[in-house]
Amino acid sequence: KRLHRVVQIGAQETSSDSWQRARDIVRSGDLGTIIRAHISVGRDSSTLDAKFRSLAPILKTLDLEVPTNFFPILATARETAHDLTMFTAEYPNELTVFFAASLAKAQAPMIRGTKASLEIFEDRLVIHRDGAGIASTETVGCAQQSSHLRDWLEAIRARSSCACDATLGCAV
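Structural notes, computed from the coordinates. (Residues numbered from 1 in each chain as written. Predicted model: local features only at pLDDT ≥ 70, side-chain atom pairs only at ≥ 80, totals over all residues. Heavy atoms only, no water.)

### Here's the deal with the overall build of the protein
Stage number 1. Of regular secondary structure, the protein possesses five helices and eight strands.
Stage number 2. Scanning the protein from its N terminus toward the C terminus, one meets helices and strands in the order α-β-α-α-β-β-β-β-β-β-β-α-α.
Stage number 3. Expressed as a percentage of its 172 residues, the buried residues of the protein come to 38%.
Stage number 4. Sequence separation of 24 or more characterises 59% of the internal contacts of the protein that already satisfy a separation of 6 or more. (Helix = DSSP H or I, 4+ residues; strand = E, 2+ residues; numbered from the N terminus. Buried < 20%, exposed > 50% of the residue type's maximum accessible area, 1.4 Å probe, protein only. Contact = heavy atoms within 4.5 Å.)

### Structural notes on the packing of aromatic side chains
Stage number 1. The tally for this structure, following the rule as stated, stands at two aromatic pairs.
Stage number 2. Relative to phenylalanine 87, the ring of phenylalanine 70 has its centre 4.8 Å away and its plane inclined at 35°; by these criteria the two rings are tilted. Here phenylalanine 70, found in strand E2 (residues 69-75), pairs with phenylalanine 87, found in strand E3 (residues 84-90); they are 17 residues apart in sequence, far enough to count as distant.
Stage number 3. Its relative accessible area of 45% is what places phenylalanine 70 among the partly exposed residues.
Stage number 4. On the numbers, 5.0 Å between centres and 15° between planes, the contact of phenylalanine 87 with phenylalanine 99 is stacked. Placement of the pair is phenylalanine 87 in strand E3 and phenylalanine 99 in strand E4 (residues 96-101), with a sequence separation of 12 residues.
Stage number 5. Three or more aromatic residues link up through ring pairs in this structure, and these residues are Phe70, Phe87 and Phe99.
Stage number 6. The ring of phenylalanine 121 has arginine 124 sitting right over it, with the charged end atom 4.0 Å from the ring centre. (Phe/Tyr/Trp six-rings, centres within 6.5 Å; stacked < 30°, edge-to-face > 60°. Lys NZ or Arg CZ within 6 Å of the ring centre and 35° of its normal.)

### Quick look at the nonpolar core
The tendency in soluble globular proteins is for nonpolar side chains to be buried as a group.
Stage number 1. In this structure, Leu31, Ile58, Leu62, Ile111, Leu118 and Leu125 are the most contacted members of the largest nonpolar core, which totals 29 residues.
Stage number 2. Residue contacts for isoleucine 58: discarding those within four places in its chain leaves Trp19, Ala37, Ile39 and Ile111. (Core = buried A, V, L, I, M, F, W, Y, C linked by side-chain atoms within 4.5 Å.)

### Here's the deal with a nonpolar patch on the surface
Stage number 1. Taken together, the side chains of Leu149, Trp152, Leu153 and Ile156 present a nonpolar region at the surface, about 330 Å² in accessible area.
Stage number 2. With relative accessibility at 31%, the residue tryptophan 152 sits in the partly exposed group. (Patch = residues over 30% accessible without salt bridge, like charges linked within 9 Å, V, L, I, M, F, W, Y side chains within 5 Å. Areas by Shrake-Rupley, 256 points an atom, 1.4 Å probe, with all protein chains shown as cover. Salt bridge = Lys/Arg side-chain N within 4 Å of Asp/Glu carboxyl O.)

### Focus: the environment of serine 15
Stage number 1. Assignment of secondary structure puts serine 15 in the segment before helix H1 (17-28).
Stage number 2. Residue serine 15 is classed as buried on the basis of its relative accessible area of 4%.
Stage number 3. Taking the C-alpha atoms as reference points, serine 15 and aspartate 151, 136 residues apart in sequence, are found 6.5 Å from one another.

### Focus: unusual backbone geometry
Stage number 1. The residue aspartate 63 is not glycine, and still its phi comes out positive at about 55°.
Stage number 2. One non-glycine residue, glutamate 94, adopts positive backbone phi at about 65°.
Stage number 3. As for its position among the elements, glutamate 94 is in the loop between E3 and E4.
Stage number 4. Note on glutamate 94: relative accessible area 69%, which makes it exposed.

Quick look at the structure:
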C-alpha cells in the first residue's frame, strides 16, 4: 500500500462474474441480514492450499476480515477414511462461516440471509426466497469467462485494488 503497487493474489474465483454479482446482491440487502455462509470443497481440490483459496471469494463478498472465534477440526487419513478439514468461524456481526473440505463431492457455496439464500455457481446464481409461506426461486445468469486478468489490468490502469488484493490474500 505504501508504495502504491497493484497486487493480485491467485484466488481467481474472486474475480469471476458470479462472485461479483453475488457481492452486489448481498450489498443490495435482497437477502436480508446475512447470518451464515457455507463453503464445501470436494475431491476436485487436490491440496489444502487449493481448498483454503476457495475462502477468498466468500470473504470478499461478505466484507469479512478477522473472526472473533475460530473452531477447527482436522483429521488425517489415519483417523478417518480420508483427509478431512472443517472449521466454523464466527464474526463480530453475528455471522458464521462453515467450511468443509473432504473427498465428498463439493456443493455450491451458499450465503443465507434472513430474507433469502443465495447459491453461487460458476455460470449462475440461484436466489431462494421464503416469505409469508410462499417460496420462490430466481436464477441470474453469469458470464463464464475468467475475468481475473481483466480485473488486474483495470486495477493497474485505475491504480486501484484488485478483487483479490494482498489484504484479502493474507486473510486466507
